[in-house]
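Observations on chain architecture
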Amino acid sequence: MGCFLEAVRCDASEHSRDRIPHCLSMISNDGAQYGILCQTLEARGVLLPAWVWLPWIPQLLTSLCRIEARAVKSIIGEVVKDHPQAVYYSLRAFFLRTPRR
């Protein structure tokens, strides 16, 4: 995963950005505990430009309900800070469908 994220950081072309969904599926299969893949995403995900994550906002929001929440919080925070309008609808839909605790 570190190589995929580094490739996007060095060259944010469409070909390298196609690896982001693969990274998101890898962290969902990282296991029941916060593993090395989640740590890698947490450390390297924030180094990417925020606009790179825009197509995958729904997947990032869904990750907030799983073990990898800590890894994606900082990424979502950067995206919201730089592109609040792009995140609004997905964030609103996420909160409306998530049961209250």
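Everything discussed here concerns the structure shown above.
Residues numbered from 1 in each chain as written. Predicted model: local features only at pLDDT ≥ 70, side-chain atom pairs only at ≥ 80, totals over all residues. Heavy atoms only, no water.

With that settled, consider the nonpolar core. Counting 26 residues, the largest nonpolar core has Leu 41, Trp 53 and Leu 60 as its most contacted members. What Leu 41 contacts, discounting residues up to four positions off in sequence, is Met 1, Leu 5, Ile 27, Val 46, Trp 53, Ala 71, Val 72 and Ile 75. (Core = buried A, V, L, I, M, F, W, Y, C linked by side-chain atoms within 4.5 Å. Buried < 20%, exposed > 50% of the residue type's maximum accessible area, 1.4 Å probe, protein only. Contact = heavy atoms within 4.5 Å.)

Right, let's talk about helix H4 (residues 36-45) for a bit. Restricting attention to buried positions, one finds in H4 the residues Cys 38, Thr 40, Leu 41 and Gly 45. Across the axial projection of H4, the buried residues extend over an arc of 160°, all falling on one side. (Helix = DSSP H or I, 4+ residues; strand = E, 2+ residues; numbered from the N terminus. Arc of directions from axis to C-beta.)

Evaluation of the coordinates by the stated rule reveals 5 salt bridges. Between Arg 44 and Glu 6 there is a salt bridge whose closest N-O contact spans 4.0 Å. Placement of the pair is Arg 44 in helix H4 and Glu 6 in helix H1 (residues 2-10), with a sequence separation of 38 residues. Here Lys 81 and Glu 78 are joined by a salt bridge, their closest N and O atoms 3.4 Å apart. Here the residue Lys 81 and the residue Glu 78 both occupy positions in helix H6 (residues 69-82), the gap between them amounting to 3 residues, near one helical turn. For Lys 81, a relative accessible area of 56% translates into the label exposed. According to the relative accessible area criterion, Glu 78 is partly exposed, its value standing at 33%. Shared partners join several salt bridges into a network, and the residues in it are Glu 6, Arg 9 and Arg 44. (Salt bridge = Lys/Arg side-chain N within 4 Å of Asp/Glu carboxyl O.)

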